[in-house]
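Here's the letter readout for the chains.
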Number of protein chains: 2
Amino acid sequence: MSTQNFSVDGMTCGHCASAVTQELKALDGVTSVSVDLVADGTSAVTVEAERELTPAEVAAALDEAGDYSLVP
Amino acid sequence: MSTQNFSVDGMTCGHCASAVTQELKALDGVTSVSVDLVADGTSAVTVEAERELTPAEVAAALDEAGDYSLVP
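This is a predicted model, so every value here is computed, not measured.

Criteria and cut-off values
Residues numbered from 1 in each chain as written. Chains lettered and ligands numbered in written order. Predicted model: local features only at pLDDT ≥ 70, side-chain atom pairs only at ≥ 80, totals over all residues. Heavy atoms only, no water. Least-squares fit on C-alpha atoms with pLDDT ≥ 70 in both. Pairing = 2+ DSSP bridges. Helix = DSSP H or I, 4+ residues; strand = E, 2+ residues; numbered from the N terminus. Axes fitted to C-alpha atoms, helices over the stretch in contact; angles between N-to-C directions. Contact = heavy atoms within 4.5 Å. UniProt positions renumbered as here; feature names shortened; annotations may be inferred.

Undergrad: Describe the relation of the copies chain B and chain A, and please don't skip the residues or the numbers.
TA: Here the two chain copies are tied together by a rotation about an axis and a shift along that axis. Structural alignment of chain B on chain A gives an RMSD of 0.0 Å, achieved by rotating through 180 degrees and translating 0.0 Å along the axis. One copy is carried onto the other by what is essentially a two-fold rotation axis.

So this is what it looks like as structure tokens:
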């Protein structure tokens, strides 16, 4: 089990957090996602997964969810 | 037919605009709703309806949609 933290820009409200959570949960091996929303800045996203996620697949999931971007 | 303009605080993204639009469209007599989103301020909402809406029922619909408020 791996816990990974990501910084995400563009989430402004709870709807955004829900959309991102849903897309990240759809990734293979992901067991839990939590979002610490910072509406006017960079939010922290914590993902528990059975494997290490790549930045590319996280970025793709964020893009699928909407206009959100992974902060390197 | 009546066109009414409302000022609404608290909408920060397209999801918020959708939630508000959906609740306002559910009001009796409403035929069309459009939102001019100002993510960090007061948004303009235009409603076309077959009758005059009361501020109270608009405020109730906003509350139903989420944490949004009618600016008097």
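Undergrad: Quick one: what's the story with the sheet that holds strand 2 (residues 30-36) of chain B, residue by residue and with numbers?
TA: All names here are of chain B. With respect to topology, four strands assemble into an open sheet ordered 2-3-1-4, the strand pairing being antiparallel. Each having just a single partner strand, strand 2 and strand 4 (69-71) make up the two edges of the open sheet. The sheet shows a mean angle of 35 degrees between the axes of neighbouring strands, direction not considered. Examined bridge by bridge, strand 1 (residues 2-9) and strand 3 (residues 42-49) share eight bridges and lie antiparallel to one another. Across the sheet, the residue bridging to Val-8 is Ser-43, located in strand 3. The strands touched by helix 1 (residues 14-25) are strand 2 and strand 3; relative to strand 2, the strand with the most contacts, the crossing angle is about 160 degrees. Strand contacts of helix 2 (residues 55-65): strand 1 and strand 4, with the helix running at about 140 degrees to strand 4, the strand carrying the most contacts.

Undergrad: So what about the UniProt feature "domain: HMA" (unreviewed entry) in chain A? Which residues, and what values?
TA: Within the UniProt annotation, "domain: HMA" (unreviewed entry) is assigned to residues 2-70 of chain A. Between the C-alpha atoms that bound residues 2-70 of chain A the distance is 19 Å, and the span itself is 33% helix and 36% strand.

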